[in-house]
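Single-letter residue listing:
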Amino acid sequence: MTAPQVLSLVLLGGILVLAILRRMNIGVLALAAALPVLVVAGVDAKAMYTAFPGDIVVLIAGVSLLFAHLERSRALELFVDRVYAAIGDRHGLIPWAGFAIGAALSTAGAFSTAPIAFLVPMVAHVGVRSRRTFLISELAVIIGANSAGLSPLNPTGAVVRAAANKVGVTYSGWGLWAVSMTVAVIVVAVLQALTVLARRRGHPVEATPAPAAAEQHEAPSNPWYMAASGAALVAFVLLVVLATTDVGLTAMCLAALLQIAFHAQADERSLLARIPWNSILLLCGLLTYLGLMQRIGTMDSIAHILQHLGTGALLILVLAYLTALLCNIESSTLGVLGLMMPIAFGSFGHTGAVFWVTAAVCVPSALMVMNPIHVAGTLIIGNTVHEEQDALFRRLLILAATLAVVVPGVLSLIPIALL
C-alpha cells in the first residue's frame, strides 16, 4: 500500500475510535481527516467532492419533511389510535400492531428513527393498560421499523444501493427487504414466545411503562390537512413504486405542496427541525471520505488484502460479525453500513452469492437497535418506570449481544454454502 492509502486507513481507524469513545459525529471527523489525505496524495479537493451523496441528502430531507407533515397534521396519530382501538384487549396481537405500523412507515421511506421516536411513547401509552405487552411491544416496534429500513425507498436501503452502484453490482432491493422482514418476524415471534413462557413459569420479564406516557394530545385542528397528508403518503408510494419517480424529489415535491396549501398549520421552522441533520452530516462526511479512499486506491488495496484471509467463508463471517459489533457500539446503523458495504461489494460483488452476502451483513445490523446505548433502546428505558430502568438496561444489552452472536452466523451459512 502507498503512503496516502496507509494514512487514509489509519485516520479512518482514528475516526471510529473517536466517534465511539467521545460520541463525536463521524461525518465531521471524516471531513476533517480528508485534508491531510488530500495533501499527502496530491489530489484536488474538487475530485473528492464528486463522491458527495447529493441524492441521498435530498432523499433523507424530502422523506423526513413528508413524514413531519403526517405527524404535524395528526394523521399518523389518528391512524395508530384506530389500529390499537380495533385490536382492543387481544393482547397477543398488540405487539404485532406496532411491528406492522413501524415496518410500514419505514418501508414507505421514513428514516427509521422518526417512526421509532413517534411510536415508542404511543406504545408505552397502550402498555399502561396492558403491562404484560409493554416490553415486547416496544421491541417489536423498533425491530419492525429498523428492519424495514432496508426498503429501496428508505435512506438506509439507498445507502446500500449506492455502495453497490459504485462498483457495478446489482441485487434485488426488495428481495433484501423481504429477507430482513422475515428475520424480523422470526425474532419478534421468538421473543414473544419466550416472554409468554417465562410468565407461565413464574419468572415474568415484563417492564412497567412510566405513567407520564399516558398523556394525550389535543385533537387535530384541521381535518383537511390531515386528509391531504394521508393522501400525499399514498401518492408518494404510488409514484415511486409504479411510476419509478425519484424517491427524494417526489417526497420533497409533495412536502412542498403541503407546505404551500397548509402554511398556517405547518410551521416551516418546526418542520425543518424534524430533518435528521446530524445523520445527514454523518453520512455525507463518511461517504465523501470513502469516495476519497476509493479514488486513491485504498479500497482496492483492502479488497486485495482481504483475499489473503483464506476462504470466502471466513471473510463473510468477518464482515457479518464486524458489522454487528460496530452497530452495537456505534449508534448509527446508517454510518456502519456506509462503511462496511463498499468492502463487502468489493470482495463479493461479482460472485453468485452477492445477494446473500449482502443479507448476512445488512440484516443483523438492523436488530442491534434495542441496544441501550442507541436512541431506540434509550427511548424504551426512558418510557419505563425509574425503579426498573437499571435492570432493563442490562436486559436490553444482553439481548442485543445475543442477537449479534446468533443472527450473523445463521445468515452467513447461506452464502457460505453457495460459494
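Given the structure is predicted, the values throughout are model-derived calculations rather than measurements.

### Let's talk about the overall build of the chain
Here's step 1: The number of helices and strands found in the chain is 20 helices and 0 strands.
Here's step 2: Computed over the C-alpha atoms, the radius of gyration of the chain is 22 Å, within 12% of the 22 Å expected from 2.2 N^0.38 for a compact globule of 419 residues.
Here's step 3: Expressed as a percentage of the 419 residues in the chain, the buried residues total 53%.
Here's step 4: The long-range fraction of contacts in the chain, counting pairs at least 24 apart against all pairs at least 6 apart in sequence, stands at 80%.
Here's step 5: Accessible surface for the chain amounts to roughly 18,100 Å². Of this, 67% is attributable to carbon and sulfur atoms.
Here's step 6: If the 20 positive side-chain charges of the chain are averaged to one point and the 18 negative ones to another, these points end up 6 Å apart.

### A look at helix 16 (residues 312-329)
Here's step 1: Over its 18 residues, helix 16 runs 26 Å from end to end, which matches the ideal 26 Å to within 8%, given 1.5 Å per residue.
Here's step 2: Among the residues of helix 16, Leu-315, Ile-316, Leu-319, Ala-320, Thr-323, Ala-324, Leu-326, Cys-327 and Asn-328 are the ones counted as buried.
Here's step 3: Contact partners of the buried residues in helix 16: helix 15 (298-306), helix 17 (333-348), helix 18 (354-367) and helix 20 (389-418).

### With respect to the pattern of salt bridges
Here's step 1: Following the criterion strictly, the structure yields 2 salt bridges and no others.
Here's step 2: Arg-274 serves as the salt-bridge partner of Glu-71, at 3.0 Å between the closest nitrogen and oxygen. Highlighted residues: Glu-71 in helix 4 (residues 54-72) and Arg-274 in the loop between helix 13 (268-272) and helix 14 (277-295), separated in sequence by 203 residues.
Here's step 3: Judged by relative accessible area, Glu-71 falls into the partly exposed class, the value being 23%.

### Digging into the packing of aromatic side chains
Here's step 1: Throughout the structure, instances matching the rule amount to 5 aromatic pairs.
Here's step 2: When the ring of Tyr-171 is compared with that of Phe-345, the centres are 5.9 Å apart and the planes differ by 20°; the resulting orientation is stacked. Here Phe-345 lies in helix 17 and Tyr-171 lies in the loop between helix 9 (155-166) and helix 10 (173-200), a separation of 174 residues in the sequence. Each member of the pair, Tyr-171 as well as Phe-345, carries the same accessibility label: buried.
Here's step 3: Each ring, one from Phe-355 and one from Trp-356, has its centre 5.2 Å from the other, and the planes form 85°; the classification is edge-to-face.

### A word on the packing of helix 16 against helix 20
Here's step 1: Axis separation between helix 16 and helix 20 bottoms out at 9 Å; the angle between their running directions is 155°. Between helix 16 and helix 20, the interaxial angle falls into the category roughly antiparallel. Helix-helix and strand crossings are classified by hand; for helix 16 and helix 20 the assignment is right-handed. For the pair formed by helix 16 and helix 20, the contact residues are Ala-313, Ile-316, Leu-317, Ala-320, Tyr-321, Ala-324 and Asn-328 on the first element and Ala-400, Ala-404, Val-405, Pro-408, Gly-409, Ser-412, Pro-415 and Ile-416 on the second.
Here's step 2: Per-class residue counts for the contact of helix 16 with helix 20 are 12 nonpolar, 3 polar and no charged.

### Describing unusual backbone geometry
Here's step 1: Despite not being glycine, Arg-74 shows a phi value in the positive range, around 70°.
Here's step 2: What makes Arg-74 partly exposed here is its relative accessible area of 24%.
Here's step 3: One non-glycine residue, Thr-244, lies in the positive phi region at around 50°.

### Quick notes on a nonpolar patch on the surface
Here's step 1: A cluster of nonpolar side chains, Trp-174, Val-234, Leu-238, Val-241 and Leu-242, forms an exposed patch at the surface whose accessible area comes to about 490 Å².
Here's step 2: Tracing the backbone shows Val-241 in helix 11 (residues 223-242).

### Observations regarding the side chain of Ser-137
Here's step 1: The topology assignment puts Ser-137 in helix 8 (residues 134-147).
Here's step 2: With a relative accessible area of 2%, Ser-137 lands in the buried category.
Here's step 3: Sequence-distant contacts of Ser-137, defined by excluding residues within four places in its chain, comprise Ile-94, Pro-95 and Val-123.

### Things to note about the packing of helix 1 (residues 3-21) against helix 2 (residues 26-41)
Here's step 1: Interaxial distance between helix 1 and helix 2 falls to 10 Å at its minimum, and their mutual angle equals 165°. Between helix 1 and helix 2, the interaxial angle falls into the category roughly antiparallel. Note that helix 1 runs across helix 2; the crossing there is right-handed. In contact with Pro-4, Leu-7, Ser-8, Leu-11, Ile-15, Leu-16, Leu-18 and Ala-19 of helix 1, helix 2 contributes Ile-26, Leu-29, Ala-30, Ala-33, Pro-36, Val-37, Val-40 and Ala-41.
Here's step 2: Of the residues belonging to the contact of helix 1 with helix 2, the class tally is 15 nonpolar, 1 polar and no charged.

### So, the confidence of the model for the chain
Here's step 1: Model confidence for the chain is summarised by a mean pLDDT of 86, while 93% of its residues fall at 70 or above.
Here's step 2: Per-element averaging of pLDDT across the chain places helix 7 (residues 113-129) at the bottom with 76 and helix 18 at the top with 94.
Here's step 3: Overall, residues 212-220 carries pLDDT values under 50, and its contacts beyond four positions in sequence, including any with other chains, amount to 14 contacts.

### Considering the environment of Met-340
Here's step 1: Structurally, the position occupied by Met-340 is in helix 17.
Here's step 2: Given the relative accessible area of 3%, Met-340 is considered buried.
Here's step 3: Along the backbone, Met-340 and Val-37 are 303 residues apart, and their C-alpha atoms lie at a distance of 20 Å.
Here's step 4: Leave out the neighbours within four places in its chain, and Met-340 touches Leu-319, Leu-322, Thr-323 and Leu-326.

The rules behind each value
- Residues numbered from 1 in each chain as written.
- Predicted model: local features only at pLDDT ≥ 70, side-chain atom pairs only at ≥ 80, totals over all residues.
- Heavy atoms only, no water.
- Helix = DSSP H or I, 4+ residues; strand = E, 2+ residues; numbered from the N terminus.
- Rg over C-alpha atoms; globule rule 2.2 N^0.38 Å.
- Buried < 20%, exposed > 50% of the residue type's maximum accessible area, 1.4 Å probe, protein only.
- Contact = heavy atoms within 4.5 Å.
- Areas by Shrake-Rupley, 256 points an atom, 1.4 Å probe, with all protein chains shown as cover.
- Lys, Arg positive; Asp, Glu negative; His and termini not counted.
- Charge placed at Lys NZ, Arg CZ, Asp CG, Glu CD.
- Expected span 1.5 Å × (residues − 1).
- Salt bridge = Lys/Arg side-chain N within 4 Å of Asp/Glu carboxyl O.
- Phe/Tyr/Trp six-rings, centres within 6.5 Å; stacked < 30°, edge-to-face > 60°.
- Axes fitted to C-alpha atoms, helices over the stretch in contact; angles between N-to-C directions.
- Parallel < 35°, antiparallel > 145°, perpendicular 65-115°, else oblique.
- Left-handed = near helix turned anticlockwise from the far one by under 90°.
- Nonpolar A, V, L, I, M, F, W, Y, C, P; charged D, E, K, R; others polar.
- Patch = residues over 30% accessible without salt bridge, like charges linked within 9 Å, V, L, I, M, F, W, Y side chains within 5 Å.
- pLDDT = per-residue confidence, 0-100.

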